[in-house]
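# A closer look at the structure
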Amino acid sequence: MTVLGAVLRPQLPPEKVRDVARTAEAAGLEELWLWEDCFLEGGVATASAALAWTERLRVGVGLMPVPLRNVALTAMETATLDRLFPGRFTLTVGHGVQDWMGQVGARAESPVTLLREYLDALRALLRGERVTADGRYVKLDDVGLGWPPLTAPEVLAGVTGPRSLRLAGEAADGTLLSEATPPDGVRKARRLIDEGRAAAGRTDSHRVVVYLLTTTGPNAVARLKAELTAAGTDKIPELGVAGDAGTVAEAVQSLIAAGADTVILEPTGDEPDPEGFVRFVAEDVRPLVS
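Residues numbered from 1 in each chain as written. Predicted model: local features only at pLDDT ≥ 70, side-chain atom pairs only at ≥ 80, totals over all residues. Heavy atoms only, no water.

### Thoughts on the overall build of the protein
Regarding its fold elements, the protein presents ten helices and eleven strands. Taken over C-alpha atoms, the radius of gyration comes to 18 Å for the protein, in line with the 19 Å a tight globule of 290 residues would show. In terms of principal-axis extent, the alpha carbons of the protein reach across some 55 × 40 × 40 Å. Looking at the protein as a whole, 55% of its 290 residues qualify as buried. A sequence separation of at least 24 residues applies to 76% of the contacts in the protein between residues at least 6 apart. When the accessible surface of the protein is totalled, it reaches about 12,600 Å², and 52% of it is carbon and sulfur. Treating the 30 positive side-chain charges of the protein as one cloud and the 40 negative ones as another, the clouds have centres 3 Å apart. (Helix = DSSP H or I, 4+ residues; strand = E, 2+ residues; numbered from the N terminus. Rg over C-alpha atoms; globule rule 2.2 N^0.38 Å. Buried < 20%, exposed > 50% of the residue type's maximum accessible area, 1.4 Å probe, protein only. Contact = heavy atoms within 4.5 Å. Areas by Shrake-Rupley, 256 points an atom, 1.4 Å probe, with all protein chains shown as cover. Lys, Arg positive; Asp, Glu negative; His and termini not counted. Charge placed at Lys NZ, Arg CZ, Asp CG, Glu CD.)

Listed below in structure tokens is the structure:
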């Protein structure tokens, strides 16, 4: 069965996290996703608070930029959250926005090489292994977690380009696709991911998560158009959805048919009612999605 969730965008102040997370859980939302966008809210701090304020809600961070975080630290943070809140935290890592990485002096000359080394080391650490690595970017000397997860959690890669999508298939447990991915983009991404999986001889499951930019209520069409225009993605066919629950559910089903396993509805940056949005996803759209 398809998993449906919603994004809590970091354009909201941190003090809104509790209200939105508790509303999401009370409404029966399956997953709440957070962003670690520079220079807004930290992913680990926000996720830990949302998890602590709820009991069943799954919380994902999409994504943590690998140039910004030492892989050992990411493994420690992930393992801690997984042991505190078993099975409720989903980690996604990715290249990060290159301009932002440049602002903090962390831009990598070869983002794909860094992500490959990072994924290999991170997943090994979370499996409880001791890791020694002497890569171009990732360097570890007999590092092992003192409190590894009891069961290794999935690690997703948030990527877009062909090389990175193939890498996700080879080295990650799942892939996160951005809101700039229409149904045809999901189909193309699935093919590239599967190429990577075949090259690595992988036969395990691989979850594909897709963000869907969504507006509902008054001025929904105008708000969606304004967001797409501002992002420069307004010319991409079948991107985003505006309308009532039935209209949104149809757009979700299109992404599922294209190969998505999980669809996360993303509000616009000017969403006037964040709590109402997560209720809309859980109470109105969820019953219409198989």
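Now that the structure has been shown, we can carry on.
### Examining the packing of helix 5 (residues 111-126) against helix 6 (residues 162-171)
At a closest axis distance of 11 Å, the pairing of helix 5 and helix 6 adopts a crossing angle of 15°. When the axis of helix 5 is compared with that of helix 6, the two are roughly parallel. Here helix 5 runs over helix 6; the crossing is right-handed. In this structure, helix 5 uses Val112, Leu115, Arg116, Leu119, Asp120 and Arg123 to contact helix 6, whose residues at the interface are Arg163, Ser164, Leu167, Glu170 and Ala171. The class makeup of the residues in the contact of helix 5 with helix 6 is five nonpolar, one polar and five charged. (Axes fitted to C-alpha atoms, helices over the stretch in contact; angles between N-to-C directions. Parallel < 35°, antiparallel > 145°, perpendicular 65-115°, else oblique. Left-handed = near helix turned anticlockwise from the far one by under 90°. Nonpolar A, V, L, I, M, F, W, Y, C, P; charged D, E, K, R; others polar.)

### Examining the packing of aromatic side chains
Aromatic ring pairs are defined here through the distance separating the ring centres and the angle between the ring planes. The final tally for this structure, using the stated rule, is two aromatic pairs. Seen in terms of ring centroids, Trp33 and Tyr211 are 6.3 Å apart; in terms of plane orientation they differ by 85°. Their pairing is edge-to-face. Placement of Trp33 in strand 2 (residues 31-34) and of Tyr211 in strand 9 (residues 207-215) is noted, with a sequence separation of 178 residues between them. Here Trp35 and Tyr211 contribute two aromatic rings whose centre-to-centre distance is 6.0 Å and whose plane-to-plane angle is 50°, an arrangement assigned as tilted. Of the two residues, Trp35 sits in the loop between strand 2 and helix 2 (43-52) while Tyr211 sits in strand 9, which places them 176 residues apart along the sequence. The buried category is assigned to Trp35, whose relative accessible area is 9%. Looking at Tyr211, the relative accessible area reads 4%, which means it is buried. Ring-pair connections join several aromatic residues into one group, and the members of that group are Trp33, Trp35 and Tyr211. (Phe/Tyr/Trp six-rings, centres within 6.5 Å; stacked < 30°, edge-to-face > 60°.)

### Re a nonpolar patch on the surface
On the surface, Phe39, Leu68 and Val104 cluster together to form a nonpolar patch covering roughly 260 Å² of accessible area. Structurally, Val104 can be placed in the loop between helix 4 (98-103) and helix 5. (Patch = residues over 30% accessible without salt bridge, like charges linked within 9 Å, V, L, I, M, F, W, Y side chains within 5 Å. Salt bridge = Lys/Arg side-chain N within 4 Å of Asp/Glu carboxyl O.)

### Digging into helix 7 (residues 183-200)
For helix 7, which comprises 18 residues, the first-to-last C-alpha distance of 26 Å matches the rise-based estimate of 26 Å (1.5 Å per residue) to within 8%. Among all positions of helix 7, only Pro183, Val186, Ala189, Arg190, Leu192, Ile193, Gly196 and Arg197 are buried. On its buried face, helix 7 is in contact with helix 6, strand 8 (174-177), strand 9 and helix 9 (245-258). Residue Gly201 follows helix 7 closely and has a positive phi angle near 70°. (Expected span 1.5 Å × (residues − 1).)

### A word on empty space enclosed by the protein
The tally for this structure, following the rule as stated, stands at three cavities of 30 Å³ or more. Roughly 110 Å³ of internal volume is contained in the largest cavity. Taken together, 13 residues line the largest cavity, and the ones lying closest to its centre are Arg9, Leu12, Pro267, Glu271 and Pro274. Element by element, the count of residues in the lining of the largest cavity is highest for helix 10 (residues 274-285), at three residues. In the lining of the largest cavity, the residues fall into eight nonpolar, three polar and two charged. Approximately 40 Å³ is the volume attributed to the second largest cavity. Every residue along the wall of the second largest cavity is listed here: Glu179, Thr181, Pro182, Pro183, Tyr211, Leu212, Leu213, Glu238, Leu239, Gly240 and Leu255. Broken down by element, the lining of the second largest cavity gets its largest block of residues, three residues, from strand 9. (1 Å grid on protein atoms, 1.4 Å probe; cavity = no way out; pocket = protein on both sides within 12 Å on 5 of 7 lines; lining within 4 Å. Points joined across faces, edges and corners; volume = space filled by probe spheres on them.)

### Notes on the pattern of salt bridges
Under the counting rule described, the total for this entry stands at 25 salt bridges. For Glu227, the salt bridge is made with Arg9, and the minimal N-O distance between the two is 2.8 Å. Taken together, the residues Glu227 in helix 8 (residues 220-231) and Arg9 in the loop between strand 1 (3-8) and helix 1 (17-27) connect sequence positions 218 residues apart. Neither Glu227 nor Arg9 differs from the other in exposure class; each is buried. Here Asp184 and Arg187 are joined by a salt bridge, their closest N and O atoms 3.8 Å apart. Of this pair, Asp184 and Arg187 both sit in helix 7, three residues apart, which is roughly one turn of that helix. Linked through salt bridges whose partners overlap, the residues forming this network are Arg123, Asp173, Arg197, Arg202 and Asp204.

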